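Chain residues, written in single-letter form:
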Amino acid sequence: MLNSVFDIKVIRFAAAVTVMGALSACATPPPAGDQDARAAYEEANDPFEPANRLMFSANVMVDQLVLQPAAVTYRDLFPDVLKPPVENFITNLFQPLSFLHALLQGDMDRAEQAAARFFTALPTLLLADTFPDRKPVFEDGGQTLAVWGFEEGPYVMLPLLGPSSVRDTFGTIGDFFADPVRLIAGSEVTTGRSVGNAVVTRSKNLEHVRELQRTSLDYYAAVRSLYRQQRAAQIRNGISEPAHSAPTIGLDLDEPDTDGGKKETAATN
């Protein structure tokens with residue numbers, strides 16, 4: 001009971017801080033006469049850019065001090081033979097929430113796929129790579145709201161969770177309360193799932209992220225653009241990855257495409 005009360009206070013506080021910070025630091029729109037600048041401003045859809053950039057800098061610092069060292073340790077020192085079961089365990093723990101959202105979206109095929117993957121893995125304590133010829137399902141509240149017709153809204157950089165939008169932020173808050181794994185197993189399990197997923201994803205993208213940082217004229221703007229590309233693809237079910245795979249940026253550079261190959265679509269921390 002105490003943990004539940006604490007969780008509710010934390011999520012409310014985080015949402016309040018995000019909204020208050022964004023409202024107090026809106027970017028000034030260019031003059032109406034400067035059509036090119038005005039068009040770029042509207043395309044970015046980032047009226048809270050000063051606050052977002054500040055939060056992005058803080059997230060990058062957390063990444064450099066905490067997440068990146070953990071990812072390097074996992075990649076270089078964790079036994080290779082244990083990596084597949086650990087990663088399958090994390091993947092399968094995402095399936096109940098994905099099942100729920102697939103139902104809400106009216107996608108019975110993906111709902112069946114998520115349920116089959118999860119329940120088939122239960123006898124092996126969720127370690128099995130069930131249906132290796134079929135991809136896991138990753139659906140979330142932001143995708144469901146998009147399918148229901150809600151507009152994306154302005155870009156938002158969340159503390160630790162990384163890039164988002166107003167629509168995806170509401171979806172994230174809803175997922176916190178609706179996640180079946182959290183309701184049954186507790187917030188400790190979902191927190192461990194998120195942290196584990198962040199470390200695993202970051203470990204697979206260490207060099208990609210360094211290259212993005214090195215080659216981007218504006219690292220923040222590059223991440224913002226890549227995030228939107230990834231979310232649009234996720235909403236179309238073109239790719240399957242958790243929405244917030246890492247705290248700093250929340251994107252994955254190295255993702256499977258729909259033909260089973262690899263494509264570089266976005267960046268994680």
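First, a word on scope: everything that follows refers to the structure included in this document. As the structure is a prediction and not an experimental result, all values here were calculated from the model. Within each chain, residue numbers correspond to sequence positions counted from 1 in written order. Two thresholds apply to this predicted model, a pLDDT of at least 70 for residue-level local features and 80 or more for giving and counting side-chain atom pairs, whereas whole-chain, interface and lining totals are computed over all residues. Here the side-chain values reflect all heavy atoms present in the structure, with hydrogen atoms and water set aside.

### Some points on the overall build of the chain
At step 1: Starting at the N terminus, helices and strands are each numbered in turn, a helix being any DSSP run of H or I of at least four residues and a strand any DSSP run of E of at least two. From N to C terminus, the chain includes 12 helices and 4 strands.
At step 2: Relative accessibility under 20% of the residue-type maximum defines a buried residue, over 50% an exposed one, and the middle range a partly exposed one, all with a 1.4 Å probe and only protein chains included. The proportion of buried residues among the 269 residues of the chain is 46%.
At step 3: Throughout, the Shrake-Rupley method with a 1.4 Å probe supplies accessible areas, and for residues the shown protein chains are the sole cover considered. As presented, the chain carries roughly 13600 Å² of accessible surface, and 65% of it is formed by carbon and sulfur atoms.

### Observations concerning the packing of helix H4 (residues 83–93) against helix H10 (residues 187–203)
At step 1: For every element, the axis is a line fit to its C-alpha atoms; helices are fit only across the contacting stretch, and the angle between N-to-C directions ranges from 0 to 180 degrees. Where H4 contacts H10, the axes come no closer than 10 Å and their chain directions differ by 125 degrees. Taken together, H4 and H10 sit at an angle that is classed as oblique. Handedness of the H4/H10 crossing: left-handed. Two secondary-structure elements touch here, H4 through Glu87, Ile90 and Leu93 and H10 through Val189, Arg193, Gly196, Asn197 and Val200.
At step 2: Here the residues of the contact of H4 with H10 are counted per class, giving 4 nonpolar, 2 polar and 2 charged. Angle categories are assigned with fixed cut-offs, so that under 35 degrees is roughly parallel, over 145 is roughly antiparallel, 65 to 115 is roughly perpendicular, and the rest are oblique. Here is the rule for handedness: rotate from the far helix to the near one, and if that takes an anticlockwise turn smaller than a right angle the crossing is left-handed, while a clockwise turn gives right-handed. Here, two residues are considered to be in contact whenever any of their heavy atoms come within 4.5 Å of each other. The nonpolar class holds Ala, Val, Leu, Ile, Met, Phe, Trp, Tyr, Cys and Pro. Asp, Glu, Lys and Arg form the charged class, and all remaining residues, Gly among them, are polar.

### Things to note about the pattern of salt bridges
At step 1: By convention in these notes, a salt bridge is any Lys or Arg side-chain nitrogen within 4 Å of a carboxyl oxygen on Asp or Glu. Within this structure, the stated rule accounts for 17 salt bridges.
At step 2: Notably, a salt bridge pairs Lys204 with Glu87, separated by 3.2 Å at the nearest N-O pair. Residue Lys204 is found in the loop between H10 and helix H11 (206–215), and its partner Glu87 is found in helix H4; the two are separated by 117 residues along the sequence.
At step 3: Of the residues examined, Glu87 reaches a relative accessible area of 19% and is grouped as buried.
At step 4: We note a salt bridge from Asp168 to Arg167, for which the minimum N-O separation is 3.9 Å.
At step 5: For Arg167, a relative accessible area of 11% puts it in the buried group.

### Looking at the pairing of strand S1 (residues 155–158)
Each regular strand shows side chains that alternate between the opposite faces of the sheet.
At step 1: In S1, alternate side chains face the same way, and those of Tyr155 and Met157 on one face and Val156 and Leu158 on the other are all buried.
At step 2: Two strands qualify as a pair provided that DSSP identifies no fewer than 2 bridges between them. As defined by bridge partners, S1 adjoins strand S2 (residues 162–165) across 4 bridges and the pair is classed as antiparallel. Bridge pairing in S2 links Tyr155 to Ser165.
At step 3: Hairpin connection of S1 to S2: 3 residues between the antiparallel strands, including Leu160 at a positive phi of 65 degrees.

### Quick word on H10
At step 1: The terminal C-alpha atoms of H10, which comprises 17 residues, lie 24 Å apart, in line with the 24 Å expected from a rise of 1.5 Å per residue.
At step 2: Within the span of H10, buried status applies to Ser187, Thr190, Arg193, Gly196, Asn197, Ala198, Val199, Val200, Thr201, Arg202 and Ser203. Here, expected helix span is obtained from the residue count minus one, scaled by 1.5 Å.

### Details of the packing of aromatic side chains
At step 1: Aromatic pairs are defined between Phe, Tyr and Trp rings, using the six-membered ring for Trp, whenever the two ring centres lie within 6.5 Å; interplanar angles under 30 degrees are classed as stacked, those over 60 as edge-to-face, and all others as tilted. Inspection of the entire model under this criterion finds 8 aromatic pairs.
At step 2: Where Phe56 meets Tyr219, the ring centres are 5.4 Å apart and the plane angle is 65 degrees; that geometry is what we call edge-to-face. Within this pair, whereas Phe56 is found in helix H3 (residues 49–77), its partner Tyr219 is found in helix H12 (residues 219–235), the two being separated by 163 residues in sequence. Each member of the pair, Phe56 as well as Tyr219, is classed as buried.

### Observations regarding the environment of Thr73
At step 1: Counting through the fold element by element, Thr73 comes out in helix H3.
At step 2: With a relative accessible area of 42%, Thr73 lands in the partly exposed category.
At step 3: Considered as a pair, Thr73 and Ser203 are 130 residues apart in the sequence and their alpha carbons are 8.5 Å apart.

### Examining the environment of Asn197
At step 1: Mapped onto the secondary structure, Asn197 falls in helix H10.
At step 2: Asn197 gets classed as buried once you look at its relative accessible area, which sits at 8%.
At step 3: For the pair Asn197 and Glu87, spaced 110 residues apart in the sequence, the C-alpha separation amounts to 7.8 Å.

### Section: the environment of Arg167
At step 1: Tracing the backbone shows Arg167 in helix H8 (residues 166–178).
At step 2: Sequence-wise, Arg167 and Gln143 are 24 residues apart; in three dimensions their C-alpha atoms are separated by 8.9 Å.
At step 3: Once residues lying within four places of it in the same chain are set aside, the contact partners of Arg167 are Gly142, Leu145, Ala146, Phe150, Glu151, Glu152 and Ile235.

### Quick notes on unusual backbone geometry
At step 1: With a phi angle near 65 degrees, Leu160 is a residue other than glycine that sits in the positive phi range.
At step 2: Mapped onto the secondary structure, Leu160 falls in the loop between S1 and S2.

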